[in-house]
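Descriptive structure summary
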Amino acid sequence: CISETVSKTVTTVMDAIRDPNQNILNPVYDHLINEKAELNKRIRELFQAHALENRYLLHPSRLVDLAREESEFFLTFLASKQTEDVFSHGEKGVIEGLGDKTILALCGVLRDFCWDILFKKDSNLLYAAICAVDRYLTSYVEGFMAEREIQILGEQEQMRRALSAALERQRRELYVKDHAINTSINGIIITDLEGRVTYVNPAFLVMWGYNDSDKVIGKNYIEFVKSEESQKQITSSAIRKNGGWRDEMILQRVDGSSVEIEVSVSSILDAAGNPLGNMVSFTDISDRKRLEAEFRQTQKMEALNTLAGGIAHDFNNLLTTVLGNTSLMLMDIKPTHPHYERLKIIESQVESGSKLTKQLLGYARKGKYEVKPINLNRLVLETSETFGRTRKEVTIYRELHEDLVAIEADRGQIEQVLLNLYINAADAMPGGGELVLRTRNVMLQESMLKHSVIPP
C-alpha cells in the first residue's frame, strides 16, 4: 500500500507536469543538467551493449553521436515539455535503425539516472522526474511505433512485389519448360520412383503409334525397353549410381513396325538432391543410322576408286609399252610380211584395252573431267617441288619457257602424267642423278600425230 501523503504528492506532481503553466520540471532540469556527462555515458553504454540488436549495424562512432543526441534531447524536453518534438524524435529513432529492445532499455536507463541523482535530494522532484520519463517515453514510443508501422507496411509491400515477381518468373519458367517438353521432337515420359509413367509428351505417342496418353499413363517404363539386359541396367539404383543410362536399340511400334532409337534415362532430383522420379527420352536415330551407313559406303567406294585408278594407270603403262613396241615392229616390216596382220590385230586390241583403262580411270574419278586452260609451267613447278621433297638423291633442274601458252586439259590427269615421268626417271637412277625438266612451245606436224587423235 502507498501512504496517503505519498499519494497526494504523486497526484500533485502529475498535475503539475500536465499543466504547462507549472514549472515543477525546471528544478528537475537544473539538477540533472549538471549530470549531463553521466547521462550521456549511460546511454552510450546502452547503445553499445545493444548494437547487434538494432535493425541496422551502426558504426561505433554513430552510436556515440546518437547517445549524445539522446541525452541532450531528454534534457531539452525537461525544459520545454513539448511532447510533439518527442514524437518526431521517436520517428527518427526508427529511421536511424534503433531496435525495439534498445528503446525499451532506454526507459530503464532514464529512470535509474533520475533515481540516482534525485533520491537523496527531494522526493517531490524525484516523482516529477519519474513521471516526466514516463511521459517522454510514451510519446517517444508512440512516434517510434508509428514510423515502424509505416516501415513494416513498406517492407511488406516490397516483399509482396518481390514474391509476385518471383511467382511470375517461376510461372514463365514452368511454361517454357512445359512448352519445350510438349513440342520436343524426342519422345519423353516422366515416371515416379517406382517407374510408373506419370506424364507423356505428344512426340512419344506419335513415335510409338499411340493415339491416347491414357494407354501409357500408369505403365512401368521398363515395358518400353524390350531387352532384358537393358532392363537390368536401368534399375533406379543403377541410374542414381551412374548418373543416368543410355543405349541404342530397335523397338517395335504398336502397329508392329520397328524403329531404331536411342533411349536415355536420368533421375529427377529435388533441391536437396533427393530422387523424385525418372525422365526417359526416346530419340529416333533411323536417319542418322542411314546417313552413317551411306557415309561408310561412300568411304568404301572412294577406296575402291583409288584402287581402280591405280590399277588402271599401271595397266595403261603396260599397254603403252606393248603398243609402242608393236608400232615400232610394224614400221620395220612390210604389209606382205606373214606377221604384219597379227601385229595389226595386237595393235587394235591394245588400243581397245587402252580405251577400257581410260573408262576405268573415268570411273575412278566418278566420270568427272574438268578440262580448262592450265599454266603448265606452274604445274611443273608445283609437282616437281613436291616430288623433290620425297627423292633427295635426285637433283632437279628446270628450264621453263617464259611465254609458254596455256593448254586445255584436266589438271588431275596432267599432274598424274608428270608424277609418273618423275618416278620413272628416278627409278632409272637408283644411285641418284640429275632430272632436267624443260617446257617450250611447239607446232605439232601431221607426221608426228599419226598415232594420236590430237589435230595438227
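Described below are features of the structure shown in this document. (Residues numbered from 1 in each chain as written. Predicted model: local features only at pLDDT ≥ 70, side-chain atom pairs only at ≥ 80, totals over all residues. Heavy atoms only, no water.)

1. A short note on the overall build of the protein
Stated precisely, the cut-off is as follows: By definition, any uninterrupted DSSP run of H or I lasting at least four residues is a helix, any uninterrupted run of E lasting at least two residues is a strand, and each is numbered from the N terminus. The buried label goes to any residue with under 20% of its type's maximum accessible area, the exposed label to any with over 50%, and the partly exposed label to all in between, with areas taken from a 1.4 Å probe on protein chains only. Only heavy atoms matter for contacts: two residues are in contact if any of them lie within 4.5 Å across the pair.
If you tally the helices and strands in the protein, you get 14 helices and 9 strands. By the burial criterion, 31% of the 456 residues in the protein qualify as buried. Pairs at least 24 apart in sequence give 63% of the contacts found in the protein among residues at least 6 apart.

2. Description of the packing of aromatic side chains
In plain terms, the rule: In this scheme Phe, Tyr and Trp rings, the latter by its six-membered ring, pair at centre separations within 6.5 Å, and the angle between planes marks the pair as stacked below 30 degrees, edge-to-face above 60, and tilted otherwise.
Under the criterion given, the structure shown has 5 aromatic pairs. Consider the rings of Phe77 and Tyr136, whose centres lie 5.4 Å apart with planes at 55°: the pair is tilted. Note that Phe77 is positioned in helix H4 (residues 60-80) and Tyr136 in helix H7 (residues 123-183), a separation of 59 residues in sequence. Where Phe387 meets Tyr422, the ring centres are 5.6 Å apart and the plane angle is 45°; that geometry is what we call tilted. In this pair, Phe387 is assigned in helix H13 (residues 376-388) and Tyr422 in helix H14 (residues 411-427), connecting sequence segments 35 residues apart. The same class applies to Phe387 and to Tyr422, which are both buried. Following the ring pairs from residue to residue traces out a cluster consisting of Phe74, Phe77, Tyr136 and Tyr140.

3. Considerations on the environment of Ile43
By secondary structure assignment, the location of Ile43 is in helix H3 (residues 36-49). For Ile43, a relative accessible area of 0% puts it in the buried group. The spacing of Ile43 and Leu110 is 67 residues in sequence and 8.4 Å in space, taken between C-alpha atoms. When sequence neighbours within four positions are dropped, the list of residues in contact with Ile43 reads Ala67, Glu70, Ser71, Leu106, Val109 and Leu110.

4. Some details on the packing of helix H2 (residues 25-33) against H4
Packed helix pairs are specified by the crossing angle of their axes together with the interaxial distance, meaning the distance between the axes. Heads up, the condition is: Only the stretch in contact is used when a helix axis is fitted, and all axes are lines through C-alpha atoms; the angle between N-to-C directions ranges over 0 to 180 degrees. By the definition adopted for this analysis, an angle is roughly parallel if under 35 degrees, roughly antiparallel if over 145, roughly perpendicular if from 65 to 115, and oblique otherwise. Handedness of a crossing follows from how the near helix is turned relative to the far one, being left-handed for an anticlockwise turn of less than a right angle and right-handed for a clockwise one.
Look at H2 against H4: their axes get within 8 Å of each other, and the N-to-C directions meet at 155°. Compared by their axis directions, H2 and H4 come out roughly antiparallel. Two packed elements cross with a definite hand, and for H2 against H4 that hand is left-handed. For the pair H2 and H4, contact is made by Leu25, Asn26, Val28, Tyr29, Leu32 and Ile33 and by Phe74, Leu75, Leu78 and Ala79, respectively.

5. A look at the packing of H13 against H14
Definition in use: In this count, Pro and Cys sit with the nonpolar residues alongside Ala, Val, Leu, Ile, Met, Phe, Trp and Tyr, while Asp, Glu, Lys and Arg are called charged and the others, Gly among them, polar.
The contact between H13 and H14 brings their axes to 10 Å, and the two run at 45°. Comparing the axis directions of H13 and H14 gives the class oblique. Where H13 crosses over H14, the two elements pack in a sense that is right-handed. Side by side, H13 and H14 meet where Leu376, Leu379, Val380, Glu382, Thr383, Ser384 and Phe387 of the first sit next to Arg411, Ile414, Glu415, Leu418, Leu419, Tyr422, Ile423 and Ala426 of the second. When the residues that make up the contact of H13 with H14 are grouped by side-chain class, the tally is 10 nonpolar, 2 polar and 3 charged.

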